[in-house]
Amino acid sequence: MQAAAGSPSSSTTTTTTIASIAAADPDDDSISGSNLGGSGGAPGATAIQSWWESISKARSRILSLASLLSSPDLALLADSDGPARSLLDSPAASAAISAALSAPSSGTGDDPLCHWLYDTFQSSDPDLRLVALSFLPLLSGLYLSRAINLPSLAGFEAVLLAVYAAEVKARGGKPVLVSVPDLSLPSLYHYPRQPTSSSSARTPPRPSVGVLSPPLEPQIAVKSTKRACIVAVALDSYYKNISSMPSRSKIDLCEFVAEWAGQDCPCRHEFDDDDENREIGGPAEEMQKLRIREGPNGNHCNGEEEGSRVLRRGSRVPLPWELLQPVLRILGHCLLAPLNPQEVRDSASMAVRCVYARASHDLMPQAILASHSLIKLDGSSRKVAKPKTTSANASKPNTPSKLKKPGVFLVPR
């Protein structure tokens, strides 16, 4: 029996078809005026179902977090249009999770917040995975700082191993390579236009290929010898998504890097760009400035700088080159990305100077070169961004100028 035009069944069918067409791809050629009867509604229905499943998962994770942290205010984020994105950008949620992770008893195998982060990262929703990744700097900083004294941090290690396993799967057992051009060749502007007989007979050189990261091996536990490698791979995964990370996550990483390198070292100020023109002493004097002197806390050299005692969450840890590589990439983004706020740039500026001082103490040429380059780039960008002021008031149109008295000239007779 055919339904009438004004019957409820006809209205329901028409509404469902229009909603399906609206949710489908507007560029899809299969959606046209000739197939409005429902043949093109299947892709739209699938998109709506996928969107609703994503919303339901995000709401479930938010309600679980609110119950775990005993914070009813966090449950309000579940009612937003984009729950996962609202959770990622919420300062209240960030403060609550950071406080729970920073507790002295956190990071154990039965820590419910570590279980929540692990399950959230395993979600298929990319926004929920970003939420878990945004707390990776805080988790990594606490883990490396505590791993020296605490033997069991299974909760932190489970989250790090989950990120590491995802990166192993993404790389597919292949190394990360970088192509380095042959620097022995002349530049494009100095290359001869007419090749000579000697140059034409010469075979073109092949660009050298460097291994940025070797193939990753699957890990089922965090051994002390693999700790830096696993954290480095996790931070590299964080760097790949750093454009979506909130500012407080980047600041957490910069603060922990400064503490890993040794925040109390006052010689980090010796590498500022403002000191380029100062007179440099002899080699013995310069090496004396880089000499490490252990203080009462074992964390500083050449004495502790006044006013540098602040509440610390991290401590001085070993910094091998494999861990410094992703750290320096993240610091480079924090320093030079144009959309970063000034607070992020200032934190990164202090962190990279601490890394430079630490690399100078440990005699790490790669870290010295990379961190010093970032310091130079930071100084150059700050000089460009600094507003130029003129000393002459006459250049300002609204500044009144004083009338000058006419000069008196003595003319000889």
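All residue numbers refer to positions counted from 1 along the written sequence of the respective chain. pLDDT decides what is reported in this predicted model: residues at 70 or higher carry local features, side-chain atom pairs at 80 or more are listed and counted, and totals for whole chains, interfaces and linings draw on all residues regardless. Only hydrogens and water are removed before side-chain values are computed, so all heavy atoms of the structure are retained for them.

### A look at the packing of aromatic side chains
Argument step 1. Note on ring pairs: Phe, Tyr and Trp rings are taken, using the six-membered ring of Trp, and paired if centres are within 6.5 Å. Classes follow the plane angle, with under 30 degrees stacked, over 60 edge-to-face and the rest tilted. For the structure shown, the criterion picks out one aromatic pair.
Argument step 2. Note that arginine 129 overlies the ring of phenylalanine 121, its terminal NZ or CZ placed 4.3 Å from the centroid.
Argument step 3. In this arrangement the basic side chain of arginine 248 is found over the ring face of phenylalanine 135, its NZ or CZ atom lying 4.5 Å from the centre. A ring is considered to have a charge above it if a Lys NZ or an Arg CZ atom is located within 6 Å of its centre and within 35 degrees of its normal.

### Description of the packing of helix 11 (residues 247-261) against helix 13 (residues 321-336)
Argument step 1. Throughout, an axis means a line fitted to C-alpha atoms (over the contacting stretch in the case of helices), and angles, computed between N-to-C directions, take values from 0 to 180 degrees. Each helix corresponds to a stretch of at least 4 residues labelled H or I by DSSP, and each strand to a stretch of at least 2 residues labelled E; elements are numbered beginning at the N terminus. It is at 11 Å that the axes of helix 11 and helix 13 come closest, and there the two elements cross at 130 degrees. As far as their axial angle goes, helix 13 and helix 11 are oblique. Helix 13 is crossed by helix 11, and the crossing has left-handed handedness. For the pair helix 11 and helix 13, the contacting residues are Lys250, Leu253, Cys254, Val257 and Trp260 in the first and Val327, Ile330, Leu331, His333 and Cys334 in the second.
Argument step 2. Basically, the charged four are Asp, Glu, Lys and Arg, the nonpolar ten are Ala, Val, Leu, Ile, Met, Phe, Trp, Tyr, Cys and Pro, and anything else, Gly included, counts as polar. Its residues assigned to classes, the contact of helix 11 with helix 13 comprises eight nonpolar, one polar and one charged. When describing relative orientation, an angle under 35 degrees is termed roughly parallel and one over 145 degrees roughly antiparallel, while 65 to 115 degrees is termed roughly perpendicular and anything else oblique. If you view the pair so one helix is near and one far, a crossing is left-handed when the near helix is turned anticlockwise from the far one by less than a right angle, and right-handed when it is turned clockwise. Contact criterion: two residues are considered in contact whenever any of their non-hydrogen atoms come within 4.5 Å of each other.

### Looking at a nonpolar patch on the surface
Argument step 1. Each patch is assembled from residues with relative accessible area greater than 30% and no salt bridge, linking like charges that lie within 9 Å and nonpolar side chains (Val, Leu, Ile, Met, Phe, Trp, Tyr) that lie within 5 Å. Accessible surface is estimated by sampling points in the Shrake-Rupley manner with a 1.4 Å probe; for residues, cover comes only from the protein chains shown. Take a side-chain nitrogen of Lys or Arg and a carboxyl oxygen of Asp or Glu: if they are within 4 Å of each other, that pair is a salt bridge. The grouping of Ile48, Trp51 and Trp52 at the surface amounts to a nonpolar patch, some 350 Å² of accessible area in total.
Argument step 2. For tryptophan 52, the location among the structural elements is in helix 2 (residues 42-69).
Argument step 3. Note on classification: 1.4 Å probe, protein chains only; a residue is buried when its accessible area is under 20% of the maximum for its type, exposed when over 50%, partly exposed between these limits. A relative accessible area of 46% means that tryptophan 52 is categorised as partly exposed.

By themselves, these figures tell us nothing about what the structure is for.
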